[in-house]
Structures are given as C-alpha cells and as structure tokens.
Amino acid sequence: MSLQAVLEVLEASGPSVAIRESILFYPLVETTHVLTLCLFLGMTSTWDLRLAGCALRSVPVSHVVNRLFPWAIAGFVVMVISGGMLFLSGPVRAADNPFFRVKMVMIALAGINAFVFHRTVFRWVEEWDEGDEIPRRARLAGILSLVLWAIVVICGRMQAYNWFD
Amino acid sequence: MILPVDLLPLFEWFEDTSVGVVIRESLWLFPVIECFHLLALAMIGGNILVVDLRLLGLGMRGQTAAALARSMHPWLVGGLAAMVATGVPMFLSEAIKCYYSPPFWYKMGFFVLALAFTFTVRKRFTAKARADRVPIQGKLIALVSLGLWFTVGFSGRWIAFY
C-alpha cells in the first residue's frame, strides 16, 4: 500500500470526517495546539536562552533544564495529540503541503539536536553548570534549538493558508 | 457590541490607514506578521508560566519567585512589545472585521485586565517573594494571572473563527 493510499484511507475514516465536519471541536483542537506553544516552546526556549547565555544567567543550567523538563514534555504530548488530530482531519492536503513537510523535517532535526545535547555536553553539566562559561557545543545546541523550533512554528502557521490547494 | 460611543467610524479610519491597506492587499504580509505574533506568544506564555508555576510551588523551585521574576522581566517586556508591534498592524488590516467580532472585544478587555494585573498586583507580590515557600496569596495571584492570560490567548485565536 502506498503512502498516498494510506493517507486516503485515513481521510475517509470516521474520526477524520468527524473532526473535519465538527463545528466546535476543530477550532478547540486548533486553539489547544496554538496555546500549548506557551507550555512547550515557552519551556524549551527558556533553557535554550539560558544555554545561549541570554537569560537566567545566575541560575545553574541543570536547574533550568531539569525543573522545566517535565512541563516541556507535558506540552509536547499535548502538541502531538492535538497536532495529530489536526493532521487526521485532512491528511492528504497536509502531506501535500510543502510547509508541512519542512515542519516535520525540522521537528526531526530539533529532536536529534536535543538528543545529541543530552547524550554529550549535558552529561558533564556539573563542570559548567554555574556562571557564564557555557561550552560552545551547549551554546550552539541552544541557538540551534531556538532557530529550528521557530521554523517549526512559522511552517505550522503558513501551512494553514490555502496557497498550495 | 454595546458601547457608550459609536466607535465604528474610528475603526473605518483604522481600516483605511496605509499600513492596514498594504497588509490587506498583500498575500503574504499578514501570515508573516502572524508568525512573529505566535513566536512572541510562546515567549510571553513561557515567561508568565515559569513565574506563575514557581508561585504555585512548581517548576523552578530552587530559585525564589522574586529572583525568577526579576531575571525574566526583560523578556516579558520584550515579548509584550513584539506582541503589540505585530498585533497592531494585523488589527489595522482587518479593523472592521474586528469591530464585529465578539472574541476581539473579549481579547482586548482581558488584555487590559491581564496587563494591569501583571504590572501592579503580581509585580508587587513577586518583588517581595524572597522566601522558599510562597504564601496562599501568591498561589491565588498565579491562578488569576494564568486565567487572565489564557483568556487573552484563547479569545485571540477565536477572532479568526468569529
């Protein structure tokens, strides 16, 4: 079965039709998706800015990352569920949209960036936890994360316009 | 909308401003400004959340609410400035639509309340919150703040629907 066929089956499925045709549910899911930006991106950008040396400089890096991590994960879960519902409401159109494709690639890259950061330089965070001497790799990971997630938001917003239908 | 004065002529004037016209006639200007409005939303939302969570005894408990609020303050003000700088041109491009949109009026009303609350009650309280334990007033302030800002964001999104 080709990917296109899978998307078409999804699009014809009961849940897809139900979300698409709902009057209140769709806007509520969309609003949830947008407002959860505050929780997810708000938390990640707080520690990214700390890594970049731009905010909370008197707070140890490990405090910022570890204490906000569960909240960012909670935000991410809501993002994925609400985003999944939005995708499900029109999978063929979404998958066809260049902004959606770029968005998915950027999310993957942001994930890889976070994974590498946690597996490498964050492992020896005790050595650079306090103060302004942030290793270049950590600083770079923070800036990269800020840029990648900003592109994700921009692509997500642009995707909603019917420029490619 | 029941208002003491008829604001429609004013909104028609807004709609006719050159900024409004330029944005309205462009295919991509509104979406691009909207993207930055959303990025600023994440910034403000995160900022408010970090401090309000701390007032509730959650999140960054290793720091006092006073220290957090002080170091986050420039980002809050910067985020608000970016929010207004992107929100006003979007409004100008569709002022008459906004005039007839109930969510727009809710958003503006709650925005004024949220701003006033944040820069008076909340600011005064957090400046003095130097203890590890936050008293019950702090928790109430955090809940009111979260409620007010949530309503601003929620009704903002709904301008597009009504």
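Residues numbered from 1 in each chain as written. Chains lettered and ligands numbered in written order. Predicted model: local features only at pLDDT ≥ 70, side-chain atom pairs only at ≥ 80, totals over all residues. Heavy atoms only, no water.

Caption draft 1: Structural view of the interface of chain A and chain B. Between chain A and chain B, the residue contacts involve 32 residues of the former and 32 residues of the latter. Roughly 2,900 Å² of surface becomes buried between chain A and chain B when both sides are summed, with 79% attributable to carbon and sulfur atoms. At the boundary of chain A and chain B, one finds two salt bridges. Here Glu34(B) ties to Arg157(A) by a salt bridge, and the two come within 3.2 Å at their closest N and O atoms. Linking chain A with chain B are six residue pairs in polar contact (both at pLDDT 80 or more), by the criterion used here. Going through the elements one at a time, helix H3 (25-51), helix H4 (61-88) and helix H7 (136-159) of chain A are the ones with two or more residues in the side of chain A that touches chain B. Considered class by class, the residues forming the side of chain A that touches chain B number 25 nonpolar, four polar and three charged. (Contact = heavy atoms within 4.5 Å. Buried area = accessible area lost by both parts, 1.4 Å probe. Salt bridge = Lys/Arg side-chain N within 4 Å of Asp/Glu carboxyl O. Polar contact = N/O pair within 3.5 Å; in protein donor to acceptor, adjacent residues only side chain to side chain. Helix = DSSP H or I, 4+ residues; strand = E, 2+ residues; numbered from the N terminus. Nonpolar A, V, L, I, M, F, W, Y, C, P; charged D, E, K, R; others polar.)

Caption draft 2: The arrangement of the side chain of Gln63(B) in detail. Relative to the helices and strands, Gln63(B) resides in the loop between helix H3 (29-55) and helix H4 (65-93). Residue contacts for Gln63(B): discarding those within four places in its chain leaves Val59(A), Pro60(A), His63(A), Arg54(B) and Leu68(B).

Caption draft 3: Examining the nonpolar core more closely. Within the largest apolar cluster, 63 residues are counted, with the highest numbers of intra-cluster contacts made by Leu37(A), Met43(A), Phe117(A), Trp128(A) and Met60(B). The set of elements that each furnish at least two residues to this core consists of H3, H4, helix H6 (98-119) and H7 of chain A together with H3, H4, helix H6 (102-128) and helix H7 (136-158) of chain B. Here this core gets twelve residues from one element, more than from any other, and that element is H3(B). Those residues in contact with Leu37(A) that lie beyond four places of it in its chain are Gly42(A), Met79(A), Val153(A), Leu38(B), Leu41(B) and Ala42(B). (Core = buried A, V, L, I, M, F, W, Y, C linked by side-chain atoms within 4.5 Å. Buried < 20%, exposed > 50% of the residue type's maximum accessible area, 1.4 Å probe, protein only.)

Caption draft 4: Summary view of the environment of Pro31(B). Counting through the fold element by element, Pro31(B) comes out in helix H3. Residue classification places Pro31(B) among the buried positions, given a relative accessible area of 1%. Linking Pro31(B) and Pro9(B), residues 22 residues apart in sequence, is a C-alpha distance of 27 Å. Here Pro31(B) is in contact with Arg157(A), Met158(A), Tyr161(A) and Trp163(A), once residues within four sequence places are set aside.

Caption draft 5: Up close: unusual backbone geometry. The phi torsion at Leu56(A) lies on the positive side, around 50 degrees, for a residue other than glycine. Relative to the helices and strands, Leu56(A) resides in the loop between H3 and H4.

Caption draft 6: Structural view of H4(A). The end-to-end C-alpha distance of H4(A), which contains 28 residues, comes to 38 Å, matching closely the 40 Å that a straight helix rising 1.5 Å per residue would cover. The largest bend along H4(A) measures about 45 degrees and falls at Phe69(A), with the proline Pro70(A) one to four residues further on. Of all the residues in H4(A), the buried ones are Val61(A), Ser62(A), Val64(A), Val65(A), Leu68(A), Ala72(A), Gly75(A), Met79(A), Ser82(A), Gly83(A), Leu86(A) and Leu88(A). Structurally, H4(A) contributes buried residues whose contacts are with helix H1 (3-12), helix H2 (14-21), H3, helix H5 (91-96) and H6 of chain A together with H3 of chain B. (Expected span 1.5 Å × (residues − 1). Bend = angle between axes of the 7 residues up to and from the residue.)

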